[in-house]
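Spelled out from the first residue to the last, the chains are:
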Amino acid sequence: MQKAAKIEAKSPGGLKKKNEADNVTSRCEALADKRLDYLKAEGFPRRVIALAVETEAHSDDEFMDADPESGWPKPVYWRKIKEWRSVKTTALFCMVDERRICKAACQRSGNLKLECEHEEPPMPQQSILTRMPKDIPIDWFDPTFFNNELTLHERVDLMKGGVVVALPFPQYCDEWSSCNAWKKMDDHSFMEHYGKDVLMMYHIPTEEEVKHLEELEAEERDDEDADEVQENLQPNDDEDGQAEGMVVG
């Protein structure tokens, strides 16, 4: 209660915004788990499953109740967009949602609540979840965003776990039946048939760029260490006062 009161006192209406944000995050986490479970159940390889592991890989949504006068006859979640996520990853997630919700509806019994569908809103809205995933295949990212918006440091950080390509070009994963042609391939075969061409779209940091960045970071650490040593050598006010107050007998 005290924490809630502090939030409201600091920013009127802040508690409501925090609760709404918490609900959005919780739904996003639940959606991520459902997509992950479905990809596993369908036997997709680990490289594809890795696209769905992190909550940050998924977009949030906004619940809209049924309003026939406005054009939507049933409750729905408007799916927000992540402009830095690749079109093909978004398409895969949408297909997963459609199939798993349809299957759940067919198997529904008793009073089990049916999950609301996720659909594109009339006016696209940007996701409020702006943190990027870290340990994820490179083609989760839109190539243009990866190449032009991320700094060299950010791209190097993303590559620390290795470079993985999860999906072929969009035309090979825009329909569920198309996925059967490549989802059973081992990693080597997939890279030979699809992955190498996909990788050509991304500006991977070169060894020279990585080395240069490491040298700059090492220099920065050395400067910080030197500043710390210099600061420790400076006498503080207490020491000066003690020295002045000493009487030599």
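Owing to the predicted nature of the structure, the values given are computational and were not obtained by experimental measurement. (Residues numbered from 1 in each chain as written. Predicted model: local features only at pLDDT ≥ 70, side-chain atom pairs only at ≥ 80, totals over all residues. Heavy atoms only, no water.)

Colleague: Is there a simple way to explain the overall build of the chain in this structure?
Modeller: Within the chain, the regular secondary structure consists of 10 helices and 3 strands. Each helix and strand of the chain, placed in order from N terminus to C terminus, yields the pattern α-α-α-β-β-α-β-α-α-α-α-α-α. Expressed as a percentage of the 249 residues in the chain, the buried residues total 32%. Surface exposure of the chain reaches about 16400 Å², of which carbon and sulfur atoms provide 52%. (Helix = DSSP H or I, 4+ residues; strand = E, 2+ residues; numbered from the N terminus. Buried < 20%, exposed > 50% of the residue type's maximum accessible area, 1.4 Å probe, protein only. Areas by Shrake-Rupley, 256 points an atom, 1.4 Å probe, with all protein chains shown as cover.)

Colleague: How do you make sense of the environment of H153 when you look at a structure like this?
Modeller: Along the polypeptide, H153 turns up in helix α6 (residues 152-159). Among the residues examined, H153 registers a relative accessible area of 35% and is labelled partly exposed. Residues H153 and E214, 61 residues apart in the sequence, show an inter-C-alpha distance of 9.6 Å. Setting aside anything within four residues of it in sequence, one finds H153 in contact with L213 and E217. Among the polar contacts listed, one links the side chain of H153 to the side chain of E217, at a separation of 3.0 Å. (Contact = heavy atoms within 4.5 Å. Polar contact = N/O pair within 3.5 Å; in protein donor to acceptor, adjacent residues only side chain to side chain.)

Colleague: What's the story with the packing of aromatic side chains in this structure? I'm lost.
Modeller: Each aromatic ring pair is described using two quantities: the centre-to-centre distance and the angle formed by the ring planes. Inspection of the entire model under this criterion finds 10 aromatic pairs. Each ring, one from F44 and one from W182, has its centre 6.1 Å from the other, and the planes form 55°; the classification is tilted. With F44 in the loop between α2 (14-41) and α3 (46-49) and W182 in the loop between α7 (176-179) and α8 (187-199), this residue pair connects regions lying 138 residues apart in the sequence. Residue classification places F44 among the buried positions, given a relative accessible area of 4%. Its relative accessible area of 0% is what places W182 among the buried residues. Judged by centre distance (5.0 Å) and plane angle (85°), the rings of W140 and F141 are edge-to-face. The pair formed by W140 and F141 is uniform in burial state, with each residue classed as buried. Here the aromatic cluster, defined as three or more aromatic residues joined through ring pairs, consists of Y38, F44, Y172, W176, W182, F190 and Y194. Here R47 stacks its cationic end above the ring of F190, 4.2 Å away from the centre of that ring. (Phe/Tyr/Trp six-rings, centres within 6.5 Å; stacked < 30°, edge-to-face > 60°. Lys NZ or Arg CZ within 6 Å of the ring centre and 35° of its normal.)

Colleague: What am I meant to see in the pattern of salt bridges here?
Modeller: Oppositely charged side chains are able to pair whenever their charged atoms sit close together. Applying the stated criterion across every chain yields a total of 8 salt bridges. One salt bridge in this structure joins D97 and R100, with 3.2 Å as the shortest N-O distance. With D97 and R100 both in helix α4 (residues 87-107), this residue pair falls 3 residues apart, about one helical turn. Summarising the burial analysis for this pair, D97 and R100 share the class buried. The shortest N-O distance in the salt bridge between K160 and D157 comes to 3.0 Å. (Salt bridge = Lys/Arg side-chain N within 4 Å of Asp/Glu carboxyl O.)

Colleague: Explain a negative patch on the surface to me, please; I cannot follow it from the model alone.
Modeller: Taken together, the side chains of E214, E215, E219 and D222 make up a negatively charged region of the molecular surface. Inspection of the secondary structure assignment puts D222 in helix α9 (residues 207-233). (Patch = residues over 30% accessible without salt bridge, like charges linked within 9 Å, V, L, I, M, F, W, Y side chains within 5 Å. Lys, Arg positive; Asp, Glu negative; His and termini not counted. Charge placed at Lys NZ, Arg CZ, Asp CG, Glu CD.)

Purely spatial values, then, with no claim about function.
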